[in-house]
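Here is what each chain is made of, one letter per residue.
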Amino acid sequence: MTVETLEEHACCGGVQGVYRHSSEVTGCAMTFGLYLPPQAEGGPVPVLWYLSGLTCTHENAMVKAGLQAHAARHGLALVFPDTSPRGDGVPDDEDYALGQGAGFYVNATEAPWSAHFRMYDYVRDELRQLVMARFPLADRHGITGHSMGGHGALTLAMNNPDIYRSVSAFAPIAHPTASDWGRRQLAAYLGEDESSWQAHDATLLVRERGWARDMLIDQGTADPFLDLLMPEALAAAVAEARIPAVFRMQPGYDHSYFFVASFAADHVAWHAERLGRGATEPAGW
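Presented here is a report on the structure given in the accompanying data block. Starting afresh in each chain, residues are numbered from 1 along the sequence in its written order. For a predicted model such as this one, the threshold for reporting local features is a pLDDT of at least 70, and the threshold for listing and counting side-chain atom pairs is 80 or more; totals across whole chains, interfaces and linings nevertheless cover every residue. Hydrogens and water are ignored here; the side-chain numbers use all heavy atoms of the structure.

**Some words on the pairing of strand β2 (residues 14-23)**
Link 1 in the chain: Burial status follows relative accessibility: with a 1.4 Å probe on protein chains alone, a residue under 20% of its type maximum counts as buried, one over 50% as exposed, and anything between as partly exposed. Each helix corresponds to a stretch of at least 4 residues labelled H or I by DSSP, and each strand to a stretch of at least 2 residues labelled E; elements are numbered beginning at the N terminus. Where burial is concerned, most of β2 is hidden: seven out of the ten residues are buried.
Link 2 in the chain: In this structure, strand β1 (residues 3-11) lies alongside β2, joined through eight bridges in antiparallel fashion. The partner of Thr5 across the bridge, within β2, is Tyr19.
Link 3 in the chain: A pair of strands is considered paired only if DSSP assigns at least 2 bridges between the two. The hairpin formed by β1 and β2 contains two residues between the paired strands, and Cys12 there has a positive phi angle of roughly 50°.
Link 4 in the chain: Taken together, the nine bridges between β2 and strand β3 (residues 28-36) define a ladder with antiparallel strand orientation. Residue pairing in the sheet places Ser22 in a bridge with Ala29 of β3.
Link 5 in the chain: Hairpin connection, β2 to β3: the antiparallel pair is bridged by four residues, and Gly27 has positive phi, about 70°.

Have a look at this one:
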């Protein structure tokens with residue numbers, strides 16, 4: 001598969017790139033960001049996937065979250081996928097929470113979305129295989145994300161524990177089958193049969209399948225979207241399932257990238273430990 005380099009920048013001793021390719025899964029061109037730490041010059045490095053939230057592209061976290069400095073310290077690559085397919089032939093909606101910029105990391109089965117909105121397979125399979133073939137990456141993957149991306153990180157990890165060795169989330173949409181940030185979108189993409197929604201709800205997955213490892217969740221107490229995110233539902237499910245989770249309500253923090261950047265170091269270190277990399281800051285950087 002041909003990968004077009006759109007830009008590359010020296011960053012924290014490594015390289016931050018932006019790339020584009022033609023996706024068979026989504027039926028359109030897809031853009032993603034990928035950061036290689038300086039340790040990649042010596043061989044393959046583990047990968048931390050960052051899934052972004054509603055209205056975001058690959059660029060938001062890549063530019064605003066400050067993850068590269070921490071990834072360089074620990075020797076992790078970062079992948080920043082887009083949040084949906086895009087383009088003139090891709091269906092959209094006037095509501096910012098549906099359509100382009102709001103893929104919800106599911107494989108749509110309903111028209112008009114099903115032809116393009118297959119972000120679950122895109123992230124899990126196509127993009128993973130592409131970056132593994134194109135860049136010096138080890139087959140050790142962690143996944144994290146913010147808001148809608150936190151929902152995607154948790155559900156992809158719990159559905160695919162053979163692929164993702166570690167999971168964390170920033171202010172995830174924790175119970176979308178019971179939230180206005182979820183019910184409309186899941187119905188549009190997957191149809192009215194709510195049984196098909198359950199595999200895309202972190203709270204329900206914890207209750208029904210559990211998680212054999214641990215997880216890290218950060219949520220701001222001043223987040224204006226708390227009623228839509230429903231962190232209490234996920235916290236209760238985690239406690240009932242006795243999963244060794246670290247679930248932190250951070251006083252005074254909102255839903256912005258200032259919140260994400262404030263705890264990015266903790267999340268990168270969490271994944272580095274579980275992916276087999278400690279602090280390995282290269283000399284001279």
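Next comes the rest of the description.
**Thoughts on the sheet that holds β3**
Link 1 in the chain: With mixed pairing, nine strands are arranged side by side in an open sheet as β1-β2-β3-β5-β4-β6-β7-β8-β9. Looking at the sheet topology across the chains shown, the edges are occupied by β1 and β9 (245-250). The mean inter-strand angle of the sheet, taken between neighbouring strand axes irrespective of direction, is 20°.
Link 2 in the chain: In the sheet, strand β4 (residues 45-51) pairs with strand β6 (residues 137-145) via six bridges, with the strands oriented parallel. Across the sheet, residue Trp49 finds its bridge partner in β6, namely Ile143.
Link 3 in the chain: Contact between two residues is taken to exist if any of their heavy atoms lie within 4.5 Å; hydrogens are not considered. A fitted line through C-alpha atoms serves as each axis, taken over the contacting stretch for helices, and the angle formed by two N-to-C directions is quoted from 0 to 180°. Along the sheet, helix α2 (residues 67-74) contacts β1, β2, β3, β4 and β5 (77-80); its crossing angle with β5, the most-contacted strand, is approximately 145°.
Link 4 in the chain: Across the sheet, helix α9 (residues 257-274) touches β4, β6, β7 (164-170), β8 (215-220) and β9, and the angle it forms with β7 is around 165°.

**Section: helix α4 (residues 148-159)**
Link 1 in the chain: To estimate how far a helix should reach, multiply one less than its number of residues by 1.5 Å. Taking 1.5 Å per residue as the helical rise, α4 with its twelve residues ought to reach 16 Å, and the 16 Å between its terminal C-alpha atoms agrees with that figure.
Link 2 in the chain: Within α4, twelve of the twelve residues are buried, leaving the element largely enclosed by the surrounding structure.
Link 3 in the chain: Along α4, the residues classified as buried are Met148, Gly149, Gly150, His151, Gly152, Ala153, Leu154, Thr155, Leu156, Ala157, Met158 and Asn159.

**Some words on unusual backbone geometry**
Link 1 in the chain: Residue Pro112 is reached from Ala111 by a cis peptide bond, and omega for that bond is 0°.
Link 2 in the chain: In this structure, Pro112 sits in the loop between β5 and α3 (119-134).
Link 3 in the chain: With phi around 50°, Cys12 is a residue other than glycine that occupies positive phi space.
Link 4 in the chain: Inspection of the secondary structure assignment puts Cys12 in the loop between β1 and β2.
Link 5 in the chain: One non-glycine residue, Ala171, lies in positive phi territory at about 45°.
Link 6 in the chain: Positionally, Ala171 belongs in the loop between β7 and α5 (183-190).

**Some thoughts on the environment of Val47**
Link 1 in the chain: Tracing the chain through its elements places Val47 in strand β4.
Link 2 in the chain: Taking C-alpha positions, Val47 is 19 Å from Val260, a pair spaced 213 residues apart along the chain.
Link 3 in the chain: Excluding residues within four positions of it along the chain, Val47 makes contact with Ala77, Val79, Leu137, Ala138, Arg140, His141, Gly142 and Leu275.

**Side note on the pattern of salt bridges**
Link 1 in the chain: Any Lys or Arg side-chain nitrogen found within 4 Å of a carboxyl oxygen on Asp or Glu counts as a salt bridge. Applying the stated criterion across every chain, the model contains 13 salt bridges.
Link 2 in the chain: Arg183 is the partner of Glu194 in a salt bridge, and the nearest nitrogen-oxygen pair spans 2.6 Å. A residue pair is termed long-range when its members are at least 10 positions apart, and Glu194 in the loop between α5 and α6 (202-208) and Arg183 in helix α5 qualify at eleven residues.
Link 3 in the chain: Residue classification places Glu194 among the partly exposed positions, given a relative accessible area of 38%.
Link 4 in the chain: The salt bridge involving Glu273 is made with Arg274; its shortest N-O contact spans 3.6 Å.
Link 5 in the chain: Taking the relative accessible area as the measure of exposure, Arg274 reaches 25% and is therefore partly exposed.
Link 6 in the chain: A single salt-bridge network, built from bridges that share partners, covers Arg118, Asp121, Arg124, Asp125 and Arg128.

**Examining the packing of α2 against α9**
Link 1 in the chain: One way to put it is that α2 packs onto α9 with a least axis distance of 9 Å and a crossing angle of 30°. The orientation of α2 with respect to α9, classified from their angle, is roughly parallel. Helix-helix and strand crossings are classified by hand; for α2 and α9 the assignment is right-handed. On the side of α2, the interface is formed by Leu67, His70, Ala71 and His74, while α9 contributes Ala264, Ala265, Val268, Ala269 and Ala272.
Link 2 in the chain: By the convention adopted, Pro, Cys, Tyr, Trp, Phe, Met, Ile, Leu, Val and Ala count as nonpolar, Lys, Arg, Asp and Glu as charged, and the other residues, Gly among them, as polar. Across the contact of α2 with α9, the residue classes tally to seven nonpolar, two polar and no charged. Just so you know how the angles are binned, under 35 degrees is roughly parallel, over 145 roughly antiparallel, 65 to 115 roughly perpendicular, and the rest oblique. In this scheme, a crossing is called left-handed if the near helix is turned counterclockwise away from the far one by less than a right angle; it is called right-handed if the turn is clockwise.

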